[in-house]
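Structural overview for review
Listed here are the chains, written in short residue letters.
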Amino acid sequence: SLTINKGAVEFKNVSFHYPESDVPVLRNLSFSVKPGETLAILGSTGSGKTSLFQLVPRLYDVTEGEVLVDGKNVMNYPIEKLRKGIGVVPQEAVLFTGSITENIGWGKEDATSDEIISAAVDAQIHETVEKLPNQYDTRVGQRGVNLSGGQKQRLSIARALVRKPKILMLDDSTSALDLKTEGKLLKALRTYSCTTFIITQKISTAMEADHILLLDDGAVEAWGTHEELLNTSPLYVKIVQS
Ligand code: DCP
Ligand code: MG
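For the structure given in this document, a descriptive report is provided here. What you are looking at is a predicted structure, and each value in this text was computed from that prediction instead of being measured.

Attention now goes to the environment of Ile79. For Ile79, the location among the structural elements is in helix 2 (residues 79-84). Here Ile79 falls in the partly exposed class, since its relative accessible area comes to 31%. Ignoring any residue separated from it by four or fewer positions in sequence, one finds Ile79 in contact with Pro57 and Arg58.

Here it is, written out as structure tokens:
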């Protein structure tokens, strides 16, 4: 049966509203991303960035149009195969009650200790873990040690990386990282050669991407590289200057 091989993603005339409402949240989106490319998604709060993300691993289904992965409609994949190939790092990092190892390996119970550590190194959280009282055995979550927002984000990124996803989706997951740490993280991500969707508020992150998608009220306001958007989108210029 179908599995994700390359990680190409295409949106074809995609519109979406949540089941409990008639208000369109995404309106007629069309774009495509080749395997291994990075797409940065920008847009003000409520513009539909997280909603767009959720349509790829089918946390919600489109109401109109199609989302294609490797040229095939996501509706045609067995859902567990689809989700196995996609690493989603949610906007609010979720920690489970358990050890650091269990938290990184969650959903991939066959991960070896080397794989866990390597994911942690790439997610730029290994050094922090080494300083914890019981390193990778340290308990987090309920009655466990407290981690900062940025540390939780990086654990959550490590959890996605350990699965070696073909498609990696980061929902504002680097918002709490300083520029230097974020730079190291983005560099490490390149070694995974996965297709990467990165929702960000930072122009410095967007500039590094192959494509930028600027969403405005659920529609594509602009699509292109940083240079192209500077020339074509007054809204993008406004964001850059703010
Ligand atoms: N919405 C909804 N029901 C949900 C989630 C969102 O009706 N379960 C609405 C709220 C917004 C619109 O959908 O009007 C888009 O919400 P998103 O969460 O997709 O917006 P962003 O991710 O762009 O916003 P933020 O930057 O605040 O995360
Ligand atoms: Mg969001």
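Continuing now.
All right, on to the site of ligand 1 then. All residues adjacent to ligand 1 are Tyr18, Glu20, Val25, Ser44, Thr45, Gly46, Ser47, Gly48, Lys49, Thr50, Ser51 and Gln91. Between Ser47 and ligand 1, the recorded distance is 3.3 Å, taken from a backbone N or O atom to an oxygen atom. Ser51 has a polar side-chain atom sitting 2.5 Å from an oxygen atom of ligand 1. With the chains in place, 63% of the 610 Å² that ligand 1 exposes on its own is no longer accessible. Here the residues of the shell around ligand 1 sort into two nonpolar, eight polar and two charged.

Even without being a glycine, Asn13 presents a positive backbone phi close to 45 degrees. Mapped onto the elements, Asn13 comes out in strand 1 (residues 9-16). Note on Asn13: relative accessible area 45%, which makes it partly exposed. The phi angle at Ser193 is positive, at roughly 45 degrees, despite the residue not being glycine.

Let's shift gears to the layout of surface pockets. Left-over empty space is what a probe sized like a water molecule reveals as it rolls over the atoms. Reported here for the largest pocket is a volume of approximately 410 Å³. Together, 20 residues line the largest pocket, and Gly87, Val88, Val89, Pro90 and Trp106 are the ones closest to its centre. Listing elements by their share of the lining of the largest pocket, those giving two or more residues are helix 1 (49-54), strand 6 (86-89) and helix 6 (149-161). Looking at the lining of the largest pocket element by element, the count peaks at four residues for strand 6. Residues of the lining of the largest pocket, tallied by class, amount to eleven nonpolar, five polar and four charged.

Calculation criteria
Residues numbered from 1 in each chain as written. Chains lettered and ligands numbered in written order. Predicted model: local features only at pLDDT ≥ 70, side-chain atom pairs only at ≥ 80, totals over all residues. Heavy atoms only, no water. Helix = DSSP H or I, 4+ residues; strand = E, 2+ residues; numbered from the N terminus. Buried < 20%, exposed > 50% of the residue type's maximum accessible area, 1.4 Å probe, protein only. Contact = heavy atoms within 4.5 Å. Near = heavy atom within 4 Å. Polar contact = N/O pair within 3.5 Å; in protein donor to acceptor, adjacent residues only side chain to side chain. Areas by Shrake-Rupley, 256 points an atom, 1.4 Å probe, with all protein chains shown as cover. Nonpolar A, V, L, I, M, F, W, Y, C, P; charged D, E, K, R; others polar. 1 Å grid on protein atoms, 1.4 Å probe; cavity = no way out; pocket = protein on both sides within 12 Å on 5 of 7 lines; lining within 4 Å. Points joined across faces, edges and corners; volume = space filled by probe spheres on them.

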